[in-house]
Amino acid sequence: MTHPLVMQLRFTRSEWLRALEGVGEEDACRRLGPMNSIGWIVGHLSWQEQRYWLTIAQAQTPVPQLTELVGYGRPASTPPLNEMLAAWQTITQASDPWLDTVTTEKLQEEITIRGWTTTTFGSLMLRVIYHYWYHIGEIMAIRQQLGHQNLPEFVGDIDGQAPYHAE
């Protein structure tokens, strides 16, 4: 059975995709003041999933250019939405088999990142989930400022798609 935290990650991904529905290339590349562009957000979350579930967990980096383009601390950029979504799809499809095998023991496993930060895969899972929700809010704020209509107003069907399950 899929671990409950992985189920929550997948639900979060689906809500993120829902927040992106109807965004065109031109709007995805716009920056409003100091806010990120939507294309950057897509690439940035792709970079994080790649870093945790592929590079750190499995020593794979299928889309290495994301680190320079949208990695943490990189300068603002406006990458094309279609390219960033393609990278996200590549990364999530490559990550899912590993995520399907995640157990509570694996989530509790301590790992060292950058040679000095000790954490667990469970903490990384929570960081990714919360990071998605942070950027879902940013996407919705950008879309409101761009005048987009009929936007999602609240969390989707969590009871049907990702209800609470004990470990």
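Residues numbered from 1 in each chain as written. Predicted model: local features only at pLDDT ≥ 70, side-chain atom pairs only at ≥ 80, totals over all residues. Heavy atoms only, no water.

Remarks on a nonpolar patch on the surface
Argument step 1. A cluster of nonpolar side chains, contributed by Trp 133, Phe 154, Val 155 and Ile 158, occupies part of the molecular surface with about 370 Å² of accessible area.
Argument step 2. By secondary structure assignment, the location of Trp 133 is in helix α7 (residues 121-145). (Patch = residues over 30% accessible without salt bridge, like charges linked within 9 Å, V, L, I, M, F, W, Y side chains within 5 Å. Areas by Shrake-Rupley, 256 points an atom, 1.4 Å probe, with all protein chains shown as cover. Salt bridge = Lys/Arg side-chain N within 4 Å of Asp/Glu carboxyl O. Helix = DSSP H or I, 4+ residues; strand = E, 2+ residues; numbered from the N terminus.)

A word on the environment of Leu 45
Argument step 1. On the secondary structure map, Leu 45 appears in helix α3 (residues 38-58).
Argument step 2. Leu 45 gets classed as buried once you look at its relative accessible area, which sits at 0%.
Argument step 3. Each C-alpha atom, one on Leu 45 and one on Val 70, is 8.7 Å from the other, the two residues being 25 residues apart in sequence.
Argument step 4. Beyond its immediate chain neighbours, meaning those up to four positions away, Leu 45 contacts Trp 16, His 131, Tyr 132 and His 135. (Buried < 20%, exposed > 50% of the residue type's maximum accessible area, 1.4 Å probe, protein only. Contact = heavy atoms within 4.5 Å.)

A look at the pattern of salt bridges
Argument step 1. Per the stated rule, a full pass over the model turns up seven salt bridges.
Argument step 2. With a shortest N-O distance of 2.8 Å, Arg 10 and Asp 100 are connected by a salt bridge. Placement of the pair is Arg 10 in helix α1 (residues 4-20) and Asp 100 in helix α5 (residues 81-100), with a sequence separation of 90 residues.
Argument step 3. Among the residues examined, Arg 10 registers a relative accessible area of 24% and is labelled partly exposed.
Argument step 4. You can call Asp 100 partly exposed: its relative accessible area is 42%.
Argument step 5. The closest approach of N and O atoms between Arg 13 and Glu 49, which form a salt bridge, is 2.6 Å. Taken together, the positions of Arg 13 in helix α1 and Glu 49 in helix α3 put the pair 36 residues apart, joining distant regions of the chain.
Argument step 6. The class for Arg 13 is buried, based on a relative accessible area of 6%.
Argument step 7. By relative accessible area, Glu 49 is classed as buried at 0%.

Some words on the packing of α3 against α5
Argument step 1. Two numbers describe how α3 lies on α5: the axes approach to 9 Å, and their chain directions differ by 25 degrees. Judged by the angle between their axes, α3 and α5 are roughly parallel. As for the relative orientation of α3 and α5, their crossing is left-handed in sense. Between α3 and α5, the contacting residues are Ile 38, Gly 39, Val 42, Gly 43, Ser 46, Glu 49, Gln 50, Trp 53, Leu 54, Ala 57 and Gln 58 on the first element and Leu 81, Met 84, Leu 85, Ala 87, Trp 88, Ile 91, Thr 92, Ala 94, Ser 95, Trp 98 and Leu 99 on the second.
Argument step 2. Within the contact of α3 with α5, the residues separate by chemical class into 14 nonpolar, seven polar and one charged. (Axes fitted to C-alpha atoms, helices over the stretch in contact; angles between N-to-C directions. Parallel < 35°, antiparallel > 145°, perpendicular 65-115°, else oblique. Left-handed = near helix turned anticlockwise from the far one by under 90°. Nonpolar A, V, L, I, M, F, W, Y, C, P; charged D, E, K, R; others polar.)

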